[in-house]
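# Topology and contacts: notes
Here are the chains, one letter per residue:
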Amino acid sequence: MEKTPVSKNQKLTVKIIDLTYEGLGVAKVEGYPLFIENTLVGEEAEILVVKVGKHFGYGKVLQLLSESSDRQPLDNLDLLRTGIAPLAHLKYEKQLLFKQQQIENDLKKIAKLENVPVLPTIGMAQPVGYRNKAQIPVRKIGGKLETGFYRKNSHDLVPIENFMIQDPKIDEALLVIKDLLRKFGIKPYNEKENTGFLRHIVIRRGHYSHEMMVTFVTHREKFFNGKDIAQLIVEKLPEVVSVIQNINERATNVIFGNQEKVLFGKSFIQDQLLGKTYQISSRSFYQVNTVQTEYLYQTAIDFAQLKPDDVVIDAYCGIGTIGLSFAERVAKVYGVEIVADAVEDARKNAELNGITNAEYEAGNAEEVMTKWLADGVKPTVIFVDPPRKGLTEPFIKAAAETAPERIIYVSCNPATLARDLRLFDDLGYQAVKVQPVDLFPQTTSVECVVLLTQKK
Ligand code: SAH
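Let us look at the structure shown here. Every chain is numbered independently, its residues counted from 1 as its sequence is written. Given that the model is predicted, a residue must reach a pLDDT of at least 70 before its local features are reported, and side-chain atom pairs must reach 80 or more before they are shown or counted; all residues, however, enter totals for whole chains, interfaces and linings. No hydrogens and no water enter the side-chain calculation; it runs on all heavy atoms of the structure.

On to the overall build of the protein chain, then. Strands are runs of DSSP state E lasting at least 2 residues, helices are runs of H or I lasting at least 4, and numbering of each runs from the N terminus. Each helix and strand in the protein chain was counted, giving ten helices and 22 strands. Each radius of gyration is computed over the set of C-alpha atoms, and the globule rule expresses the reference value as 2.2 Å times the number of residues to the power 0.38. Taking 456 residues into account, the globule formula puts the C-alpha radius of gyration at 23 Å, and the protein chain, at 24 Å, falls close to it. Projected onto its principal axes, the C-alpha positions of the protein chain cover 65 × 60 × 45 Å. Throughout this description, buried means an accessible area under 20% of the type-specific maximum (1.4 Å probe, protein chains only), exposed means over 50%, and partly exposed covers the range between. Out of the 456 residues in the protein chain, the part that is buried amounts to 55%.

Running from N to C, helix H9 (residues 393-401) and helix H10 (residues 414-426) cross one another at 40°; their axes reach a closest spacing of 10 Å. Regarding the angle of H9 to H10, the classification is oblique. Of the two elements, H9 crosses H10, and the hand of that crossing is right-handed. On H10, the residues touching Glu393, Ile396 and Ala399 of H9 are Asp420, Leu423 and Phe424. For this classification, the nonpolar set comprises Ala, Val, Leu, Ile, Met, Phe, Trp, Tyr, Cys and Pro, the charged set comprises Asp, Glu, Lys and Arg, and every other residue, Gly included, is treated as polar. Classifying every residue of the contact of H9 with H10 by side-chain character gives four nonpolar, no polar and two charged. What counts as an axis is a line fitted to C-alpha atoms, over the stretch in contact for a helix, and the angles between N-to-C directions run from 0 to 180 degrees. Roughly parallel covers angles under 35 degrees, roughly antiparallel covers those over 145, roughly perpendicular covers 65 to 115, and oblique covers all other angles. Two helices cross in a left-handed way if the nearer one is turned anticlockwise from the farther one by less than a right angle. They cross in a right-handed way if the turn is clockwise. Note on contacts: a residue pair qualifies if any of its non-hydrogen atoms lie within 4.5 Å across the two residues.

Attention now goes to the sheet that holds strand E2 (residues 18-19). Any two strands between which DSSP finds at least two bridges are classified as paired. Strand order across the open sheet formed by six strands is E1-E5-E6-E4-E3-E2, with mixed pairing between neighbours. Each end of this open sheet is capped by a strand with a single partner; those strands are strand E1 (11-15) and E2. Bridge analysis of E2 against strand E3 (residues 25-29) gives two bridges, and the strand direction is antiparallel. Each residue of the ladder has a partner; that of Leu19, found in E3, is Gly25.

Further remarks concern the packing of aromatic side chains. Ring pairs are drawn from Phe, Tyr and Trp, using the six-membered ring of Trp, whenever the two centres fall within 6.5 Å, and their geometry is named by plane angle: stacked under 30 degrees, edge-to-face over 60, tilted for the rest. Taken as a whole, this structure holds nine aromatic pairs when the rule is applied. Both rings, one in Phe56 and one in Tyr58, keep their centres 6.1 Å apart while their planes meet at 80°; by these two values the pair is edge-to-face. Since its relative accessible area comes to 39%, Phe56 is described here as partly exposed. A relative accessible area of 29% places Tyr58 in the partly exposed class. With a centroid separation of 5.1 Å and 25° between ring planes, the pair formed by Phe326 and Phe383 is classed as stacked.

Moving on, we get to the sheet that holds strand E11 (residues 212-218). Strand order in the open sheet formed by seven strands is E9-E8-E7-E10-E11-E12-E13, with mixed pairing between adjacent strands. Either end of the sheet is taken by a strand with one partner, and the two such strands are strand E9 (157-159) and strand E13 (259-265). Recorded for the sheet is a direction-independent mean angle of 35° between the axes of neighbouring strands. Across seven bridges, E11 lies against strand E12 (residues 240-247) in parallel orientation. The residue bridging Val214 from the neighbouring strand is Val243, located in E12. In the packing of helix H3 (residues 168-183) onto the sheet, the strands contacted are strand E7 (133-141), strand E8 (144-150), strand E10 (198-205) and E11, and the crossing angle to E10 comes to about 145°. With respect to the sheet, helix H4 (residues 226-236) is in contact with E11, E12 and E13, its orientation differing from that of E13 by roughly 45°.

Structurally, the position occupied by Ile382 is in strand E19 (residues 381-384). C-alpha of Ile382 to C-alpha of Val333: the two residues are 49 residues apart in sequence and 9.7 Å apart in space. Once residues within four sequence positions are removed from consideration, Ile382 is found in contact with Ile313, Met369, Ala399, Thr402, Pro404, Arg406, Ile407 and Ile408.

Attention now goes to unusual backbone geometry. For Asn9, which is not glycine, the phi torsion reads 70° and is therefore positive. One can find Asn9 in the segment before E1. Look at Asn9 and you get exposed, because its relative accessible area is 55%. Although it is not a glycine, Gln305 adopts a positive phi angle of roughly 45°.

Right, let's talk about the site of the ligand for a bit. Contacts to the ligand come from 16 residues, most closely from Tyr297, Tyr316, Glu337, Ala365 and Asp385. Polar contact is the term for a pair of N or O atoms within 3.5 Å; when the atoms are in protein, one must be able to donate a hydrogen and the other to accept it, and sequence-neighboring residues count only if both atoms are side-chain atoms. The separation between a nitrogen atom of the ligand and a polar main-chain atom of Tyr316 is 3.0 Å. Ala365 has a polar backbone atom sitting 2.8 Å from a nitrogen atom of the ligand. Consider each residue's heavy atoms; a residue with any of them within 4 Å of a molecule or strand counts as near.

Salt bridges are defined by distance alone: a side-chain nitrogen of Lys or Arg within 4 Å of a carboxyl oxygen of Asp or Glu. Taken as a whole, this structure holds 29 salt bridges when the rule is applied. A salt bridge links Lys152 to Glu37; the shortest N-O distance between them is 2.9 Å. Taken as a pair, Lys152 in the loop between E8 and E9 and Glu37 in the loop between strand E4 (32-36) and strand E5 (44-52) lie far apart in primary sequence, 115 residues in all. With a relative accessible area of 28%, Lys152 lands in the partly exposed category. For Glu37, a relative accessible area of 27% corresponds to the partly exposed category. One salt bridge connects Asp426 with Arg422, and the closest N-O pair in it is separated by 2.9 Å.

Here it is in structure tokens:
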């Protein structure tokens, strides 16, 4: 093996020259990159080399020798170590710039699109305590049931009580629930052996409604005292309107299993977005930052310039929130979504809001698009909002073939977005502008809306 210019456990003084998309500082020793947590561009640090690979390594700060003016104070370094808030040491206005620049870079490098304006990121006035949902692993530490978060790239649980970015009411509820679970002697799950009982606690709280749902993801079905625990939770936390048990017996990283039981109350909570009411089931996707989601959707709607005779496709529609936000202003909305519970929520949500011109299909977006195409559906506007892996080639081809006037791409991953915009461009759809909206302050996640129009 070639010799690397640094070795493990070596102490070095380095200067930080870049920040990765994951929020790690980059230093170079004879061209060899070292990635270092809790550092910013321009800072000098004394570091310990903790990992050496063939092409790059990792270092840990022993002492910061100079501080960037972009740094903001951070009391709890576990927020960086766990990846809960990997940008929490960077001033918020710089976080917003970092996200805008990341999109610009990806559009240039991956999509080879030079002249698409990327607008300044829409940020939050109070960029903390925004998450309406928490998915918290439960493990045994020192003989006790603990809740917290995994250390990055590992499954070692770091106990955490103040998550900084979660609705503080969720953090509070978690403490109450943890206490009850300990009193009842509930056994935490053991991942290595696939034994034990309680795997995750998932909590959702409606930003406007304040309705709370608590879901216990358990390894086995039999939940001794499950109903009593649910009853006590509701007594102590009156906002809770739904307690669910989700059963996941498999040895897997996927949080939810396929089977659910209601331990208390309803099987969903309700919340509002842009004045409409939505029911949200435990396994349905719902944007975690309600305040910013309203900006995101409003931008998408503005980009679409909707008209009364528009026929709109809402692809990757979740519980229908994008299409239902404007359904009464257009002729027809078709939605497609792969999670069956979410499709049921979407149908229910149309009904809840008195909307009669929205139709939903459960299935894979690319297959349903092809079917709609065959059925002669002629959309004038298509909204897409795929998960991180982005769209597929068959989907993009089917979308372009239906020849809509405009396509609105809501993306949570600039790299796959850029890849897809390249293909759209080749098929005659050009990206006109990009509006980043910060849905995940203090983290490295980047969300944006893109307007595409047919080339003349
Ligand atoms: N537009 C919604 C949901 C966006 S998240 C909102 O704003 O809330 C992306 C959604 O795509 C999720 O609900 C996920 O279940 C769904 N999804 C993932 N892969 C899919 C596929 N291949 N076909 C259709 N939907 C899919």
